[in-house]
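# Results of the structural survey
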Amino acid sequence: MHVKIALIKIVQYIKSVYNTILLYLSVISTLMTPGTVIWKLFGNRKGKVCLLNRDLICDSKTLMNLPKCGKPLDGYTNALYPFLPTFLLDNNQYWIDRRDVFSYGNNLINKRIFDISFDFELKSKQGNILWDIFEIISKYSFQLVFNRLPTDEEFNDIYSGLIDINKIIKRISSTPNIPIRKIFYDRILKLIKDNNENFLFHNCENFFKMDEIHQVSSVAEDFLTTMAVQCTDLVCHMLILYSEYPEDFENNFENSFNETLRLYPLTDIWVRESSNNEKGWIASLVQLNRNGWSQPNTFNPQRWDSTNHPPLMSWGFDVRRCPAQKLATNISRLIFENIIHKNQFWIQPAANFQHERTFPYGCQVSLGYGDKPHDVKLWKFNNKLKMQFQRWLFEKLRMIDQNELN
Ligand code: HEM
Ligand SMILES: *[C@@H]1O[C@H](CO)[C@@H](O)[C@H](O)[C@H]1NC(C)=O
Ligand SMILES: *[C@@H]1O[C@H](CO)[C@@H](O)[C@H](O)[C@H]1NC(C)=O
């Protein structure tokens, strides 16, 4: 009997060594993100795959049946320094206070979204439009929080910080620019201290009870950065898909929106440390969103007409799920529709552009208004491989920084 148990354990161990090596080698040797690699390797597998230190959770049903746990999803990251975003806080009193304050701001912003007059036009261009959209949404986010346009000086201080954070998130650089972050921090602190009557938290006592770092992080990170970074990516994904499926977006926006987020979730992987006898785990959002779906890799918005399918995992799944789903949906939709409904807008991805979950070389398109030129499909952008490689390198550095795969 003992021999049998020992044998089973040995086989288990060998399997977990094999799976871990397989996963590591694949992640290191391809340009894909770990989440995409996991989907390629383990596809429609059900349940858990044993790794040395963690379990890989392969499908949403298994994930949602795990014991409830309020731990933060992500490990420590230097990408956000000096800010402490809510999603990095353990579920202690700080987290509770921040969630409470967040929900206050969330409600108020939801009222402001459609009240703020807001006009912009994306310039005709051939190249990376990700930063153009990022700038537009950054400005709009400022307006949502402060209920007015930023001065040039204010915007420069804030926008440089936002770019610096997003560059690390996008793996365009690997270390924060501390002086720029400091200017961002100080500018937000000054705006909080001004406490103008239109400031989001003007009447929120609990906000002002928090420590300074939490006040600044709440405004700078939970709201400004997250709105700018997340909504920009989502709008870019929708624009790329819109170029191929305009009717779907015009005829049924909700379906197309969910289908965009199913194929291109904005988070790559979730990692969670072990806690009270539970093994730590890792899950790929790409896999969770495709495992168990028919024709999982195809953009097919009609599938959302039926409810007979696994759930959309892109907003999270437990107490730590995104508290801003409605806000993020409305902002992204508003920006997206503003762009595509301007006088005869057209958009065409570069001939060598591949739509991936991240934008390793930016969102490379031609866009314009009026008649679409015939030769527009031929245009290619330069330095694709170099940009891919850079992203790959910084992603590995970040994986080490965050202990993502250990
Ligand atoms: C645009 C699409 C968005 C998606 C798909 C999304 C998705 C998610 C997901 C999956 C999580 C769980 C944590 C993680 O994966 O790291 C999360 C957490 C969070 N999101 Fe979002 N998010 C979006 C936009 C936003 C926006 C615009 C805001 C702020 C206004 C926001 C605020 C937050 C906060 C504060 C948390 C942390 C919650 C906690 O840990 O208690 N999200 N989001
Ligand atoms: C889109 O996904 C959300 C979140 O899972 C869900 O609540 C909503 O019903 C879905 N929309 C459609 C049209 O199925
Ligand atoms: C904002 O989003 C929510 C949920 O996605 C939706 O019910 C509501 O109608 C939206 N508001 C507007 C004005 O479109």
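Residues numbered from 1 in each chain as written. Chains lettered and ligands numbered in written order. Predicted model: local features only at pLDDT ≥ 70, side-chain atom pairs only at ≥ 80, totals over all residues.

Counting secondary structure elements, the chain contains 14 helices and seven strands. In terms of principal-axis extent, the alpha carbons of the chain reach across some 75 × 60 × 40 Å. (Helix = DSSP H or I, 4+ residues; strand = E, 2+ residues; numbered from the N terminus.)

Before going further, it helps to spend a moment on the site of ligand 1. Around ligand 1, the surrounding shell holds 27 residues, and the nearest of these are Phe87, Gln230, Cys322, Ala324 and Ala328. Elements represented by at least two residues in the shell around ligand 1 include exactly helix H4 (93–112), helix H9 (212–244) and helix H13 (325–340). Among the elements that take part in the shell around ligand 1, H9 stands out by supplying seven residues, more than any other. Of the residues belonging to the shell around ligand 1, the class tally is 15 nonpolar, seven polar and five charged. (Near = placed C-beta within 6 Å. Nonpolar A, V, L, I, M, F, W, Y, C, P; charged D, E, K, R; others polar.)

Let us look at the pairing of strand S5 (residues 280–284). Most of S5 sits inside the fold, with four of its five residues counted as buried. The pairing of strand S2 (residues 54–57) with S5 spans four bridges and is parallel. When the sheet's bridge partners are listed, Arg54 is paired in S5 with Gly280. Note that strand S4 (residues 269–272) and S5 share four bridges and pair antiparallel. Note that in S5 the partner of Trp270 across the bridge is Ala283. (Buried ≥ 20, exposed ≤ 12 C-beta atoms within 10 Å, placed from the backbone. Pairing = 2+ DSSP bridges.)

Take the packing of helix H1 (residues 2–29) against helix H2 (residues 34–42) next. Packing of H1 against H2 leaves a shortest axis separation of 10 Å and a crossing angle of 125 degrees. On the basis of the axis angle, H1 is oblique to H2. For the pair H1 and H2, the crossing hand works out as right-handed. The residues of H2 that touch H1, namely those facing Leu22, Leu23, Ser26 and Val27, are Pro34, Val37 and Leu41. For the contact of H1 with H2, the per-class residue count stands at six nonpolar, one polar and no charged. (Axes fitted to C-alpha atoms, helices over the stretch in contact; angles between N-to-C directions. Parallel < 35°, antiparallel > 145°, perpendicular 65-115°, else oblique. Left-handed = near helix turned anticlockwise from the far one by under 90°. Contact = placed C-beta atoms within 7 Å.)

Let us look at unusual backbone geometry. A cis amide bond, omega 0 degrees, links Tyr81 with the succeeding residue Pro82. The residue Pro82 is located in the loop between helix H3 (60–64) and H4 in this model. The backbone of Asn147 shows a phi angle near 60 degrees, a positive value even though the residue is not glycine. Position of Asn147 relative to the elements: it lies in the loop between helix H5 (130–146) and helix H6 (152–169). The class for Asn147 is partly exposed, based on 17 C-beta atoms found within 10 Å. Phi at Gln295 is positive, roughly 40 degrees, even though this residue is not glycine. Summarising the element assignment, Gln295 is placed in the loop between helix H12 (285–290) and H13. On the neighbour-count criterion, Gln295 (9 C-beta atoms within 10 Å) is exposed.

Here we come to the UniProt feature "transmembrane region" (unreviewed entry) in the chain. The sites that carry the UniProt feature "transmembrane region" (unreviewed entry) are, in the present numbering, residues 21–42. The straight-line gap between the two end C-alpha atoms of residues 21–42 is 14 Å; of that span, 82% is helix and 0% is strand. (UniProt positions renumbered as here; feature names shortened; annotations may be inferred.)

With that settled, consider the site of ligand 2. Around ligand 2, the neighbouring residues are Glu254, Asn255, Asn258, Trp304, Pro311 and Leu312. Taken together, the residues of the shell around ligand 2 sort by class into three nonpolar, two polar and one charged. In this structure, the shell around ligand 2 is formed jointly by two domains, domain 1 (1–66 + 268–313) and domain 2 (67–267 + 314–401), each of which donates at least three residues. (Domains from an automatic or database assignment.)

Quick look at the domain arrangement of the chain now. As far as domains go, the chain holds domain 1 (1–66 + 268–313) and domain 2 (67–267 + 314–401). Spacing between the C-alpha centres of domain 1 and domain 2 amounts to 27 Å. The interface is formed by 26 residues belonging to domain 1 together with 27 residues belonging to domain 2. Where the side of domain 1 that touches domain 2 is concerned, the elements lending two or more residues are H2, H3, S4 and H12.

Within the largest apolar cluster, 60 residues are counted, with the highest numbers of intra-cluster contacts made by Ile137, Leu224 and Val235. Where this core is concerned, the elements lending two or more residues are H4, H5, H6, helix H7 (178–194), H9, H13 and strand S7 (364–369). Once you skip the residues sitting within four places of it in the chain, Ile137 turns out to touch Met227, Ala228, Cys231, Thr232 and Ile335. The next biggest cluster of nonpolar side chains, apart from the first, holds 20 residues, and it includes Met32, Leu51, Ile57 and Trp281. (Core = buried A, V, L, I, M, F, W, Y, C linked by C-beta atoms within 7 Å.)

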